[in-house]
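Fold and geometry: a report
Take a look at the letters that make up each chain.
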Amino acid sequence: MEAYFDNSATTRVLEPVKDIVVKIMTEDYGNPSAKHKKGMAAERYTKEAAEIIAGTLKVAPKEIVFTSGGSESNNMALIETAMANKRAGNHIISTGIEHASVYNSLAFLEEQGFSVTYLPVDAHGHIRLEELEAAIRPETILVSIMYVNNEIGAVEPIEAISKVIKKKNPSILFHVDAIQAYGKFVIRPKRQGIDLLSVSAHKIHGPKGVGFLYIDQRVKIRPLIYGGGQQRGMRSGTENVPGVAGMGVAAKIMYTDHGEKMQSMIALKDYMISRLSEIDGVTVNSLPGDFSAPQIVSASFLGVRSEVLLHALEERDIYVSSGSACSSNHPAVSGTLKGIGVKPELLDSTLRFSFGVYNTKEEIDYCIDVLKELMPVLRRYQRG
Amino acid sequence: MQYQSFLIKYAEIGVKGKNRYLFEDALVAQIRHSLKRVDGDFVVSKESGRIYVTAESDYDFDEVIEAFKCIFGIAAICPMVQVEDNGYEDLKKQVLSYVDEFYEDKNFTFKVNTRRGNKKYPINSEQINRDLGELVLHAFPETKVDVHKPDVMLHVEVRNKINIYSHTIPGPGGMPVGTNGKAMLLLSGGIDSPVAGYMIAKRGVKIDAVYFHAPPYTSERAKQKVVDLAKLVSKYSGPIHLHIVNFTDIQLYIYDKCPHEELTIIMRRYMMRIAERLAGDSGAMALITGESIGQVASQTMQSLAATDAATTMPVFRPVIGFDKQEIVDVSEKIGTYETSVLPFEDCCTIFVAKHPVTKPNLKMIERSEENLEEKIEELVETAISTVEKVWC
């Protein structure tokens, strides 16, 4: 049996997604900017995808800009709004548990003279609203907070956050990295007070190398890529038509019968959590039920290094991700796990199991059986 | 105009006496082999103690030089122009056009150095030197003659054909691989062992390699990294037969039965024993390791002695006296550094006690190894019989 539990890294594409990607690559391969009918056919695909995606968020299609994926969306959202609004101020607020594409964009902005406040999180990975409120200054122009943490699945209180921000100063922009949230949660940027929202297609069973950034039409922002003026000049370059159309199909499927899909994913997650408790020395770092993301279970395995466990599972066709990348040469302990107070001896013993629409209960049973068999063997050897 | 031939100079082979032809033939074979990977048709010939490579088609000059620079035994590469012997006047014309062609900036000092392989040539070398010197001076007034330290040494060789050359590109030196037997390299994922393999291969030794894999403690990526390293070394050494040994059970057995501070040293001794067995099977006569004195606990004088005692084969440790930086310098030069520093665990870094013994006593180590008697032979046999072999 094969069990792929690394869906927060990437997912297998859905069959209809594959079909449309292949069809566009081989039949409807025109350039959407071309004036002939092959071009128009291609343009129709991107328009349809924009409409589907805008529909899932209840926003206008022209507020969707297609990008090469989550990292580009985050880069554009942060760097290009900060640059466009720097006359209004130079202060940005974010958290200590963001993805590297947010972190490194902020690091770049710090080099450019911006100052950034990183909010800490509590034991469940949530920021504290009063700390956010206290951090807002007159020169604050942008707040960037992730919707769902990619390592432990913590869900930030987005609507409450936006209320705190907008009450203090309605012109502060609120960016949400929704890369692990889109497809799992019903997101309503207009109602939730989100100005910018980053999404990646390959986390929702769409193709790799494509994503989008929702930009509220009132937001002042500059393009990240200059060129032929495609996408109303907001993102030049010939559109990735197969990718964009594939993302549209994936988005449509994820938001069809959405409630049922999420209920069954939450059931999988809760089942995993309850079965993990059968194994000695396992600590689950994610909250059960709808208190955290339905697709992520982070767990620490006392006395076993995560990388070793990961490879032992891989030998049995079970694919997971180590909660924190760590090796003898390059210690890179996760900021998130540290941030939520995972004990030092468990930092390097943490795995992330993340689910997608293809996972089954049987796979979880198989995984638990294998873990029960492996743990005593692997615990025999402990690093001195 | 492009150089259509190369004169390949060798150094040490020249003093090999009666066996010299064997070394020359090995070098010719290496050159032919390496040029197969280069676009173009080349003829490699051995002529009165020299090796010539002639291009019979278009080729990329830099690519060919790069290939030569990886062939041990080559001391220098001289790109040259080879012309037919059409009389003395024609020779003068050819030399002038050579200088004109290959030196855009003529502001240099030079000296003509003629050798007459063909002693029947009507004009002697001294006369040719004088005539050509004068000719070049007149034709290109910016040039000057300097017989002591010329910028350009203009070589003219009169043989059946006339060779003209003036550039000398250094080769890697050493001896052609395959002329000095075969040895088994203990290849880890680190910086040192590929350098050690390179250095021994430079002495004409063909190398095979062994890697100790400990899944799931070491990953597939760590194994792939070693395969990649072997491929990089094979650019110089010729194809390497990499033996991948699954070492997990042996390692865990040692961990269970022996004092943990001796884990590394006992593990090294079993690696040597297995490497020796594999070496014997593949016709290798020695082992090569990347150890350097004092680098880590398992590389103290006492530890090295204890490791040596596990094998009867000679153990070559070419970087034994190198500082880490010196090893890094070589690995950067030969192109293995970037791969070596990729952060994947190997079994030497993962199975390490907090306080390993730095001065092991052989008697004590042997006594600890007695604890392994029950199963170790069987585990070693299994490890050897399940070796995975990869051509790199």
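As annotated in an unreviewed UniProt entry, chain B carries the name Probable tRNA sulfurtransferase and is attributed to Lacrimispora sp. BS-2. In its Subcellular location (unreviewed entry) section, the UniProt record describing chain B reads: "Cytoplasm". Of the comments in the UniProt record for chain B, the one headed Sequence similarities (unreviewed entry) reads "Belongs to the ThiI family."

Chain A has the name Cysteine desulfurase family protein in an unreviewed UniProt entry, where Lacrimispora sp. BS-2 is given as its organism. Checking UniProt for chain A, the heading Sequence similarities (unreviewed entry) contains the comment "Belongs to the class-V pyridoxal-phosphate-dependent aminotransferase family. NifS/IscS subfamily." Under the UniProt heading Cofactor (unreviewed entry), the entry covering chain A gives this text: "pyridoxal 5'-phosphate".

1. Re the overall build of chain B
Along chain B, the regular secondary structure elements total 14 helices and 15 strands. In summary, chain B has a C-alpha radius of gyration of 27 Å against a globular reference of 21 Å for 392 residues, an excess of more than 25%. Along the three orthogonal principal directions, the C-alpha set of chain B runs to about 85 × 35 × 35 Å. Evaluated residue by residue, chain B yields a buried proportion of 54% over its 392 residues.

2. Some remarks on the overall build of chain A
If you tally the helices and strands in chain A, you get 13 helices and 13 strands. In terms of overall size, chain A behaves like a compact globule, its C-alpha atoms giving a radius of gyration of 21 Å where 384 residues would be expected to give roughly 21 Å. In terms of overall dimensions, chain A has C-alpha extents of about 65 × 55 × 40 Å along its principal axes. The burial tally for chain A puts 58% of its 384 residues in the buried class. For chain A, the proportion of contacts with a sequence separation of at least 24, taken over those separated by at least 6, is 72%. Carbon and sulfur atoms make up 54% of the accessible area of chain A, which totals about 15700 Å². Placing the 43 positive and 44 negative side-chain charges of chain A at their respective mean positions leaves the two points 6 Å apart.

3. Details of the sheet that holds strand β10 (residues 296–301) of chain A
Residues and elements named next belong to chain A. The four strands lie next to each other as β9-β10-β13-β12, forming an open sheet whose pairing is antiparallel. The open sheet has two edge strands, β9 (282–284) and β12 (321–322), and neither has a second partner. When β10 meets strand β13 (residues 350–354), the two strands line up antiparallel, connected through five bridges. If you follow Ser-300 over to β13, its bridge partner there is Thr-350.

4. Focus: the pattern of salt bridges
Under the defined criterion, the tally for this structure stands at 35 salt bridges over all chains. We note a salt bridge from Arg-137 of chain A to Glu-139 of chain A, for which the minimum N-O separation is 3.4 Å. Relative accessible area serves as the criterion here: at 33%, Arg-137 of chain A is assigned to the partly exposed category. A salt bridge links Lys-182 of chain B to Asp-208 of chain B; the nearest nitrogen and oxygen atoms lie 3.3 Å apart. Residue Lys-182 of chain B is found in strand β10 (residues 182–186), and its partner Asp-208 of chain B is found in strand β11 (residues 206–213); the two are separated by 26 residues along the sequence. Residue classification places Asp-208 of chain B among the buried residues on the basis of a relative accessible area of 2%.

5. A look at the sheet that holds strand β6 (residues 173–177) of chain A
Residues and elements named next belong to chain A. Spatial strand order, β2-β8-β7-β6-β5-β3-β4: seven strands in an open sheet with mixed pairing. Of all strands in the sheet, those bounded by a partner on one side alone are β2 (64–67) and β4 (115–119). Adjacent strand axes in the sheet meet at a mean angle of 20° when their direction is disregarded. Bridge count between β6 and strand β7 (residues 196–200): three bridges; the pairing is parallel. By the bridge assignment for β7, Val-176 is matched with Leu-197. Contacts from helix α6 (residues 158–168) reach β5 (140–146) and β6, with the element oriented near 160° to β6.

6. Comments concerning the UniProt feature "domain: THUMP" (unreviewed entry) in chain B
The sites that carry the UniProt feature "domain: THUMP" (unreviewed entry) are, in the present numbering, residues 62–169 of chain B. Taken end to end, residues 62–169 of chain B has its terminal C-alpha atoms 11 Å apart, with 34% of it in helix and 31% in strand.

7. Some thoughts on the UniProt feature "binding site: ATP" (unreviewed entry) in chain B
All names here are of chain B. UniProt tags Leu-186, Leu-187, Tyr-211, Phe-212, Arg-268, Gly-290 and Gln-299 as "binding site: ATP" (unreviewed entry). Examined against the element boundaries, Tyr-211 turns out to sit in strand β11. Residue classification places Tyr-211 among the buried residues on the basis of a relative accessible area of 2%. Setting aside chain neighbours within four positions, we find Tyr-211 in contact with Leu-187, Ser-188, Thr-218, Ala-222, Lys-223, Val-226, Leu-242, His-243, Ile-244 and Val-245. Structurally, the position occupied by Gln-299 is in the loop between β13 (286–288) and α9 (301–308). If we skip the residues at most four places from it in the chain, Gln-299 touches Glu-291, Ser-292, Ile-293, Gly-294 and Leu-304.

8. A short note on the nonpolar core
Counting 70 residues, the largest nonpolar core has Leu-276, Phe-301, Leu-309 and Phe-353 of chain A together with Ile-250 and Ile-274 of chain B as the members making the most contacts within it. Looking at this core, the element that brings in the most residues is helix α8 (residues 263–282) of chain B, giving 11 residues. Sequence-distant contacts of Leu-276 of chain A, defined by excluding residues within four places in its chain, comprise Val-282, Val-284, Val-297, Ala-299, Phe-301, Ile-368 and Leu-371 of chain A. Membership of the second largest hydrophobic core comes to 67 residues, among which are Ile-24, Leu-197, Ala-250 and Ile-340 of chain A.

9. Some thoughts on the confidence of the model for chain A
Detailed reading of the predicted model is not advised wherever pLDDT is low. Chain-level statistics for chain A give a pLDDT mean of 94 and a share of 96% at 70 or above. Segment residues 325–331 of chain A: pLDDT under 50, and 17 contacts once partners within four positions in sequence are set aside and those in other chains are kept.

10. With respect to helix α13 (residues 361–380) of chain A
All names here are of chain A. The end-to-end C-alpha separation of α13 is 29 Å, in line with the 28 Å expected for 20 residues at 1.5 Å each. In the structure, α13 departs most strongly from a straight axis at Leu-374, where the bend amounts to approximately 35° and where the proline Pro-376 lies between one and four residues downstream. Listed as buried for α13 are Glu-363, Ile-364, Cys-367, Ile-368, Val-370, Leu-371, Leu-374, Met-375 and Leu-378. Contacts from the buried residues of α13 go to β1 (3–4), α9 (258–276), β10, α10 (306–314), β11 (318–319) and β13.

11. Notes on the packing of aromatic side chains
The geometry of two aromatic rings is summed up by the distance between their centres and the angle between their planes. Residues and elements named next belong to chain B. In this structure the tally under the stated criterion is 21 aromatic pairs over all chains. A ring pair is formed by Tyr-3 and Tyr-98, whose centres lie 6.5 Å apart and whose planes are at 55°; its orientation type is tilted. With Tyr-3 in the segment before β1 (5–10) and Tyr-98 in helix α3 (residues 88–102), the pair connects residues that are 95 residues apart, well separated along the chain. Taking relative accessible area as the criterion, Tyr-98 reaches 1% and is therefore assigned buried. Put simply, the rings of Tyr-3, Phe-6, Phe-42, Tyr-59, Phe-61, Phe-68, Tyr-98 and Phe-102 touch in pairs and so form one group of aromatic residues. Taking NZ or CZ as reference, Arg-273 lies 4.4 Å from the ring centre of Tyr-270, over its face.

Conventions and cut-offs
- Residues numbered from 1 in each chain as written.
- Chains lettered and ligands numbered in written order.
- Predicted model: local features only at pLDDT ≥ 70, side-chain atom pairs only at ≥ 80, totals over all residues.
- Heavy atoms only, no water.
- UniProt positions renumbered as here; feature names shortened; annotations may be inferred.
- Helix = DSSP H or I, 4+ residues; strand = E, 2+ residues; numbered from the N terminus.
- Rg over C-alpha atoms; globule rule 2.2 N^0.38 Å.
- Buried < 20%, exposed > 50% of the residue type's maximum accessible area, 1.4 Å probe, protein only.
- Contact = heavy atoms within 4.5 Å.
- Areas by Shrake-Rupley, 256 points an atom, 1.4 Å probe, with all protein chains shown as cover.
- Lys, Arg positive; Asp, Glu negative; His and termini not counted.
- Charge placed at Lys NZ, Arg CZ, Asp CG, Glu CD.
- Pairing = 2+ DSSP bridges.
- Salt bridge = Lys/Arg side-chain N within 4 Å of Asp/Glu carboxyl O.
- Axes fitted to C-alpha atoms, helices over the stretch in contact; angles between N-to-C directions.
- Core = buried A, V, L, I, M, F, W, Y, C linked by side-chain atoms within 4.5 Å.
- pLDDT = per-residue confidence, 0-100.
- Expected span 1.5 Å × (residues − 1).
- Bend = angle between axes of the 7 residues up to and from the residue.
- Phe/Tyr/Trp six-rings, centres within 6.5 Å; stacked < 30°, edge-to-face > 60°.
- Lys NZ or Arg CZ within 6 Å of the ring centre and 35° of its normal.

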